[in-house]
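One-letter residues, chain by chain:
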Amino acid sequence: MNSVLIVAGSENARGTLSELTRLCGLSVQTCAGCGNDARRLLLENDYDLVLINTPLPDEFGSDLAVSVCEAFGNAILLVKAEIAEEISEKVECSGVLVIEKPVNRQMFFKSIRMAGVQQSRMTGLQRENKKLRDKIEEIRTVDRAKCLLIQFEAMTETQAHRYIEKQAMDLRVPRRRIAEDILHQYEKT
């Protein structure tokens, strides 16, 4: 984890959170004074962590935290101790970590580490998800190519499959490339 977006209504809170995150080893920091500014920054940049000190001048901040987490980000929400449990129940299902104010330095550092673990896990899941989507797309492409071979070359499904496999082995290219070549060849006619 490197980059942090700190969202706080007061300059003093932004400075304190900036110092705490620096002590945690997070050096790349950006600050925003309200939810709207934070949303604009989130559209322009990727952040490993978003720290939100509630309440913000234009909103409370819990909706911002939830939207960050739903977009595969990481958010920590700092709220007054009196309402921490209530807010926690609302946002934890989205993956938002809640810290009570006043902030205990040790608890803050542990929360940052937990956010780092969450980020690593999320990155691994995203990588796995991409691999699976690529595999599904390859299967679809190969299946479409087999259908064209069945239609235009009067092959059986087994023959079409064997043809694509053999071409891929002979030319030392992925099956998807052979399938794409078949699609280009027959979809023009």
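In this report, the structure presented in the accompanying data block is examined.

About the cut-offs
- Residues numbered from 1 in each chain as written.
- Predicted model: local features only at pLDDT ≥ 70, side-chain atom pairs only at ≥ 80, totals over all residues.
- Heavy atoms only, no water.
- Helix = DSSP H or I, 4+ residues; strand = E, 2+ residues; numbered from the N terminus.
- Rg over C-alpha atoms; globule rule 2.2 N^0.38 Å.
- Buried < 20%, exposed > 50% of the residue type's maximum accessible area, 1.4 Å probe, protein only.
- Axes fitted to C-alpha atoms, helices over the stretch in contact; angles between N-to-C directions.
- Parallel < 35°, antiparallel > 145°, perpendicular 65-115°, else oblique.
- Left-handed = near helix turned anticlockwise from the far one by under 90°.
- Contact = heavy atoms within 4.5 Å.
- Nonpolar A, V, L, I, M, F, W, Y, C, P; charged D, E, K, R; others polar.
- Core = buried A, V, L, I, M, F, W, Y, C linked by side-chain atoms within 4.5 Å.
- Phe/Tyr/Trp six-rings, centres within 6.5 Å; stacked < 30°, edge-to-face > 60°.
- Pairing = 2+ DSSP bridges.

1. Overview of the overall build of the protein chain
When you go through the protein chain residue by residue, the secondary structure sums to seven helices and five strands. Helices (α) and strands (β) of the protein chain occur, in sequence order from the N terminus, as β-α-β-α-β-α-β-α-β-α-α-α. The C-alpha radius of gyration computed for the protein chain amounts to 25 Å, which surpasses the reference 16 Å derived for 189 residues by more than 25%, pointing to a less compact arrangement than a globule. Along the first, second and third principal axes, the C-alpha atoms of the protein chain reach 75 × 30 × 30 Å. Across the 189 residues of the protein chain, 38% fall into the buried class.

2. Quick notes on the packing of helix α5 (residues 105-153) against helix α6 (residues 157-171)
Packed helix pairs are characterised by how far apart their axes lie and by the angle those axes make with each other. As a packed pair, α5 and α6 sit with axes 9 Å apart at the nearest point and diverge in direction by 120°. Here α6 runs oblique to α5, going by the angle between their axes. The element α5 and its partner α6 pack so that their crossing is right-handed. Taken together, the residues of α6 that come into contact with α5 (itself represented by Val 142, Ala 145, Lys 146, Leu 149 and Ile 150) are Glu 157, Ala 160, His 161, Tyr 163 and Ile 164. In terms of residue class, the contact of α5 with α6 is built from seven nonpolar, one polar and two charged.

3. Examining the nonpolar core
Ranked by internal contacts, the top residues of the largest apolar core, which has 21 residues, are Leu 5, Val 7, Val 50, Ile 52, Leu 64, Leu 77 and Val 96. Among the elements that take part in this core, helix α3 (residues 62-70) stands out by supplying five residues, more than any other. Beyond its immediate chain neighbours, meaning those up to four positions away, Val 96 contacts Ala 65, Val 66, Cys 69, Ala 75, Leu 77 and Val 91.

4. So, the packing of aromatic side chains
Throughout the structure, instances matching the rule amount to two aromatic pairs. Taking 5.2 Å as the distance between ring centres and 10° as the angle between the ring planes, the aromatic pair formed by Phe 152 and Tyr 186 counts as stacked. Pair noted here: Phe 152 is in helix α5 and Tyr 186 is in helix α7 (residues 175-187), with a separation of 34 residues, a long-range link. Using a relative accessible area of 39% as the deciding quantity, one classes Phe 152 as partly exposed.

5. Considerations on the sheet that holds strand β3 (residues 49-53)
An order of β2-β1-β3-β4-β5 is seen for the five strands of this open sheet, with the pairing classed as parallel. Two strands close off the open sheet at either side, each with one partner strand: β2 (28-32) and β5 (97-101). Between one strand axis and the next, the sheet turns through 20° on average, direction left out of account. Relative to β3, strand β1 (residues 3-8) is paired through five bridges, and the arrangement is parallel. Following the sheet pairing, Ala 8 is matched in β3 by Asn 53. The strands touched by helix α1 (residues 11-23) within the sheet are β1, β2, β3 and β4 (75-80), with β1 carrying the most contacts at an inclination of about 155°.

6. Structural notes on the environment of Asn 12
Mapped onto the secondary structure, Asn 12 falls in helix α1. Given a relative accessible area of 61%, Asn 12 falls into the exposed group.

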